[in-house]
Amino acid sequence: MVIGGVPYLNAKPLVAWFDTPEGRASGIEVVYNVPSRLARMVERGEVACALVSSVELFRHPDWKAVPRVAIASTGEVLSVRLFSKVPLSRVRSVALDTSSLTSAALVRILFARWWEADPQYLSAAPDLQAMLQRADAALLIGDRGMFAPAEGLYVADLGEEWYRWTGLPFVWALWLGRAEQMTATLVEVLQHAQAWGREHLEQIVSHEAQRMGKEEGLVRRYLCKVMQYEMTPEHEAGLARFAEECHRLGLAPSPALAGTASK
């Protein structure tokens, strides 16, 4: 069986188990790509499920989420940031890293409902310098969003801005797949991988800091303090609010969340 994972640091606690002897013996292969492409792979049946943007749940009523597993944050997220040459109130154009449709939707919601601005949006490759040559502001996600140089720029952490506005956690990604593919065995394996990752966070921190050449304290803070990997009732409330806001702006057809569960 093949499933899809994202090549970002924040996903490591959910996928690292698959690189252990036990994980390799599970018969499940993980292929990696950006969330937007993984969603298309789920649609085409190329993977049984994938760790994809939470907005995909609203857009695919026949998809189901693995219960109690998520990539989420309450307050700052560090790795989903808007970089701007001007104050947010003066932004007239935004270059979007469309690797994550959730982040692209969230920045539109924040401008319309929180920052009360109406910029134009354009899609761009995730290169901050090139993006800011084309637009007033640029959205970057993942490791690029976390480590991009921000000197001389206005920076908004989208997780922090969402929390300031709503007081709710934000769910960035979920394991999603067509209902018929989300078998009890697959769900059990993905929940086991989550449990293993949370039990071995220090091991993951050390390995990833060395692999990326980054300061271990920052990686530890990010994976152990900032990121959250469970789906609680509070996270469900945050996801429901996001669904409502997407529906309000026409970014998703319905606020219904039949495919998600925290139980």
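Structural data are supplied above this passage.
Everything in this summary refers to the structure shown in the same document. From a predicted model like this one, the values you see are computed outputs, not experimental measurements.

So, about the sheet that holds strand β6 (residues 80–84). A sheet is described by the order of its strands in space; here 5 strands give the open sequence β8-β7-β9-β6-β10, paired in mixed fashion. A single partner strand is all that each edge strand has here, and the edge strands are β8 (120–124) and β10 (154–157). Along the sheet, successive strands turn relative to each other by an average axial angle of 25°, direction set aside. In this sheet, β10 lies alongside β6 in antiparallel orientation, the contact comprising 4 bridges. Bridged to Leu82 within β10 is Ala156. Across the face of the sheet, helix α8 (residues 158–166) comes into contact with β6, β9 (137–141) and β10 while running at roughly 65° to β10.

A full pass over the atoms with the stated rule returns 13 salt bridges. In this structure, Arg40 engages Glu43 in a salt bridge whose closest nitrogen and oxygen atoms are separated by 2.9 Å. Of this pair, Arg40 and Glu43 both sit in helix α3 (residues 35–43), separated by 3 residues, roughly a single helical turn. When its relative accessible area of 27% is taken as the criterion, Arg40 is described as partly exposed. Here Glu161 ties to Arg164 by a salt bridge, and the two come within 3.0 Å at their closest N and O atoms. Of this pair, Glu161 and Arg164 are both found in helix α8, 3 residues apart, which corresponds to roughly one turn of the helix. Among the residues examined, Glu161 registers a relative accessible area of 10% and is labelled buried. Taking relative accessible area as the criterion, Arg164 reaches 53% and is therefore assigned exposed. Salt bridges sharing partners connect three or more residues here, namely Arg113, Arg241, Glu245 and Arg248.

Let us look at the environment of Ser123. With respect to the helices and strands, Ser123 occurs in strand β8. Sequence separation of Ser123 and Ala137 is 14 residues, and the distance between their C-alpha atoms is 12 Å. With sequence-adjacent residues up to four places away left out, Ser123 is seen in contact with Leu96, Thr98 and Arg134.

Looking now at helix α10 (residues 201–212). Here α10 contains 12 residues, and its C-alpha end-to-end distance of 16 Å stays within 8% of the 16 Å for a straight helix at 1.5 Å per residue. Taken as a whole, α10 has its buried residues at Leu201, Ile204, Val205, Glu208, Ala209 and Met212. Viewed end-on, α10 has its buried residues packed into an arc of 125°, placing them on one side of the element. Contacts from the buried residues of α10 go to α1 (12–15), α7 (142–147), α9 (184–199) and α11 (216–226). Looking one or two residues beyond α10, the residue adopting positive phi is Gly213, at roughly 70°.

In the structure shown here, the tally under the stated rule is 1 cavity of 30 Å³ or more. Approximately 170 Å³ is the volume attributed to the largest cavity. In terms of lining residues, the largest cavity is bounded by 17 residues, among which Tyr8, Asn10, Ser100, Trp172 and Ala173 are the most central. Taken together, the residues of the lining of the largest cavity break down into 10 nonpolar, 7 polar and no charged.

Attention shifts here to the packing of aromatic side chains. Within this structure, the stated rule accounts for 9 aromatic pairs. On the numbers, 5.5 Å between centres and 65° between planes, the contact of Phe58 with Phe242 is edge-to-face. Separated by 184 residues along the polypeptide, Phe58 in helix α4 (residues 55–59) and Phe242 in helix α12 (residues 233–248) bring together distant segments of the chain. Exposure remark for Phe242: the relative accessible area of 1% places this residue in the buried category. When the centroid spacing of 5.7 Å and the interplanar angle of 85° are considered together, the rings of Trp162 and Trp165 count as edge-to-face.

Scoring rules and cut-offs
- Residues numbered from 1 in each chain as written.
- Predicted model: local features only at pLDDT ≥ 70, side-chain atom pairs only at ≥ 80, totals over all residues.
- Heavy atoms only, no water.
- Pairing = 2+ DSSP bridges.
- Helix = DSSP H or I, 4+ residues; strand = E, 2+ residues; numbered from the N terminus.
- Axes fitted to C-alpha atoms, helices over the stretch in contact; angles between N-to-C directions.
- Contact = heavy atoms within 4.5 Å.
- Salt bridge = Lys/Arg side-chain N within 4 Å of Asp/Glu carboxyl O.
- Buried < 20%, exposed > 50% of the residue type's maximum accessible area, 1.4 Å probe, protein only.
- Expected span 1.5 Å × (residues − 1).
- Arc of directions from axis to C-beta.
- 1 Å grid on protein atoms, 1.4 Å probe; cavity = no way out; pocket = protein on both sides within 12 Å on 5 of 7 lines; lining within 4 Å.
- Points joined across faces, edges and corners; volume = space filled by probe spheres on them.
- Nonpolar A, V, L, I, M, F, W, Y, C, P; charged D, E, K, R; others polar.
- Phe/Tyr/Trp six-rings, centres within 6.5 Å; stacked < 30°, edge-to-face > 60°.

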